[in-house]
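Fold and geometry: a report
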Amino acid sequence: MSKLTACERLEIIRHKDRPTVNDYIPAMFTRFMEFHGDRLYGDDAAIIGGIGYLSETPVTVIAQVKGRNLDENKKSNFSMPHPEGYRKALRLAKQAEKFHRPVICLVDTPGAFCGIEAEKRGQGEAIAKNLAEFMTLRTPVISVVLGEGGSGGALALAVCDELAMLENALYSVISPRGAASILWKDGTREKEACEVLKITAENLSDFGVCDKIIPEPEGGAHLSKEIMADNIYEYLVDAVYRLNKMDIDTLLQQRYHKFRKIGMFAE
Amino acid sequence: MALEDLFKVVKERFGAEQQVQPVTDEKEVEIPQDLLFKCPRCSNVIYNEEFIGALKVCPKCGYHARLTWKERLDLTVDKGSFREFDEGMHSLNPIGFPKYEDKIDKLSEQVGMNDAIKTGECTIRGYRCVIGIMDSHFMMASMGSVVGEKIARAFEYATEKKLPVVMFTASGGARMQEGIISLMQMAKTSGAVKLHSDAGGLYITVMTDPTTGGVTASFASLGDVILAEPKVLIGFAGRRVIQDTIRQRLPDDFQSAEFLQECGFVDMIVERGMMRKRISNILKIHGFPKEGTGR
Ligand SMILES: [Zn+2]
């Protein structure tokens, strides 16, 4: 795998031809059916959800939608979900639990949307609920960060048994730009912040946050969507096979422990 | 003035309020600043002594100002009943963030606590519970490893001992200086809350000024009962961030406790002087036994 800086990876994941879930879903799942709505308020196009087959196994797919062009991005709000998006995700996860389907979350977001309506409908509550409910969801959950893992908006789909990241994906508590503007009152210094924050897949593996790095084609996923989709597919088939075999109570204990042990302090 | 009377007065004044007035009296009044309190909501200036006598509630607009953990503890728990957990726990520097240790050391000295939360066991009017108090004076009570670990342990202890948890929340959100580790504390704390809940535990959240960001988006929003102090700030996204997104000014009461209640995210707004009693009543109605005589 290549040794790139966080900043160079940021350039790669921002490439206009970077594949998105609109490329991956048809390539990885057969007979995918999209399900709409949170049954409470509406349907958020920033998150696609539905069911399909991964190889022979029925799975539930929950995916954040980066657009491939401006029109797609307008529709999916640049992949910044509202509360109803997170609530749709939870509804489909609960449905998966009921019918013993593994859940596959594809994470790719700058963050949860920040706006008046999002606040009114409880963005904080919606994310919190997902964190709590996914922790005890009685079916395997696998999350893959495809490009951008933006803070709580990403974590709401990433309380899982295994977290994988594409080689160039970044996952951070705050956007590099946001960090720069807090640290130095200067958002244009995002490149510096990028390195300080330690947000690459390799960094996150060291911290015990990322369990698996999925290799990208040399130069980035945009250079071969097919190879990239194959690599993710291969990982998912293996992970679903492994996790599906496990006793569910053992799996849940492991999931809790995976997050429980993260932290660095002295006493 | 008796507490109840005081709050009647505060309450009566709730009606007429909140034009934001620029404070012009800095030049006119030559009083040392530490003698005065200027309300960040309505810019009303009063003597500190009067302000403290009113439990740090602005008599003009009813804003419930930020307390230190010690002030909160004294107002809330039975005298001498608090037994602190994990007193010595302190932060390391997981991502090697520049000058983070220095900042922590300096604050520890200034604020007199190792990190932004105190947890422990206590009684409130005779009812035993696990309590957590966040203190915004310590790095805006942002959540890093120490806050996350203390909360997780507090809930695990409460689950084991079948105790209710009362959590006074205040926070600017996740602690950027601990990078991804701080984000993971959201999952960790929410998980611990969920296990406590699944075991039948009662969890009361009390949202105080300000409860925002990653704390709102994790354990703070997961209470069985969610209380809030009047006029405090509660939200997910920062006001400035939203204003930058929508490019217009937000109404003054946006993200206030009252706004959140209207939107359906707060059960009750409780004035500071009544909080102790309210909490104990909630513990009582859930069937927890009263110990000793209480107070
Ligand atoms: Zn005021």
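Refer to the preceding data block for the structure.
Below: a short report on this structure.

How each quantity is defined
- Residues numbered from 1 in each chain as written.
- Chains lettered and ligands numbered in written order.
- Predicted model: local features only at pLDDT ≥ 70, side-chain atom pairs only at ≥ 80, totals over all residues.
- Heavy atoms only, no water.
- Helix = DSSP H or I, 4+ residues; strand = E, 2+ residues; numbered from the N terminus.
- Buried < 20%, exposed > 50% of the residue type's maximum accessible area, 1.4 Å probe, protein only.
- Contact = heavy atoms within 4.5 Å.
- Donors = N, O, S within 2.8 Å, 3.2 Å for Na, K, Ca; no water.
- Tetrahedral: all angles 85-135°; square planar, octahedral: opposite > 155°, others 65-115°.
- Pairing = 2+ DSSP bridges.
- Axes fitted to C-alpha atoms, helices over the stretch in contact; angles between N-to-C directions.
- Polar contact = N/O pair within 3.5 Å; in protein donor to acceptor, adjacent residues only side chain to side chain.
- Buried area = accessible area lost by both parts, 1.4 Å probe.
- Salt bridge = Lys/Arg side-chain N within 4 Å of Asp/Glu carboxyl O.

**Regarding the overall build of chain B**
- Of regular secondary structure, chain B possesses eleven helices and ten strands.
- Within chain B, buried positions represent 57% of all 295 residues.
- Residue pairs in contact within chain B that sit at least 24 positions apart in sequence constitute 69% of those at least 6 positions apart.

**With respect to the coordination of the zinc ion**
All names here are of chain B.
- Taken together, the protein ligands of the zinc ion are Cys39 (SG), Cys42 (SG), Cys58 (SG) and Cys61 (SG), with distances of 2.3 Å.
- Coordination geometry of the zinc ion: the four donor atoms subtend angles of 104 to 114° at the metal centre, consistent with an arrangement described as tetrahedral.
- Every donor residue of the zinc ion comes from the same chain, spaced as C-x2-C-x15-C-x2-C. Of this pair, Cys42 sits in the loop between β1 (36-38) and β2 (45-47) while Cys58 is found in the loop between α3 (48-53) and α4 (69-76), placing the two residues 16 residues apart along the sequence.
- With relative accessibility at 2%, the residue Cys42 sits in the buried group.
- Exposure remark for Cys58: the relative accessible area of 1% places this residue in the buried category.

**Side note on the sheet that holds strand β6 (residues 127-134) of chain B**
Residue and element names in this part refer to chain B.
- Strand order across the open sheet formed by seven strands is β3-β5-β6-β7-β8-β9-β10, with mixed pairing between neighbours. Among the strands making up the open sheet, the edge pair consists of β3 (83-85) and β10 (268-269).
- Summarising the sheet, strand β9 (residues 225-228) and β10 pair through two bridges and their orientation is parallel. Bridging from a neighbouring strand, Ala228 pairs with Ile269 of β10.
- Strands β5 (117-124), β6, β7 (165-171) and β8 (203-211) of the sheet are contacted by α4, whose axis makes an angle of about 160° with β6.
- The strands that helix α11 (residues 272-285) touches are β5, β6, β7, β8, β9 and β10; relative to β8, the one it contacts most, it runs at about 155°.

**Topic: the side chain of B:His64**
Residue and element names in this part refer to chain B.
- Position of His64 among the secondary structure elements: in the loop between α3 and α4.
- A polar contact is formed between the side chain of His64 and the backbone oxygen of Gly62, at a distance of 2.9 Å.
- A polar contact is formed between the side chain of His64 and the backbone nitrogen of Arg272, at a distance of 3.0 Å.

**Topic: the interface of chain B and chain A**
- With 51 residues of chain B at the interface, the matching set in chain A holds 47 residues.
- Of the roughly 4200 Å² buried between chain B and chain A, counting both surfaces, carbon and sulfur atoms make up 75%.
- In terms of surface lost to chain A, no three residues of chain B exceed B:Met176, B:Ile180 and B:Phe236, which account for 15% of the buried area on that side.
- Scanning the region where chain B abuts chain A turns up three salt bridges.
- Note that A:Arg260 is salt-bridged to B:Glu149, the shortest N-O span being 2.8 Å.

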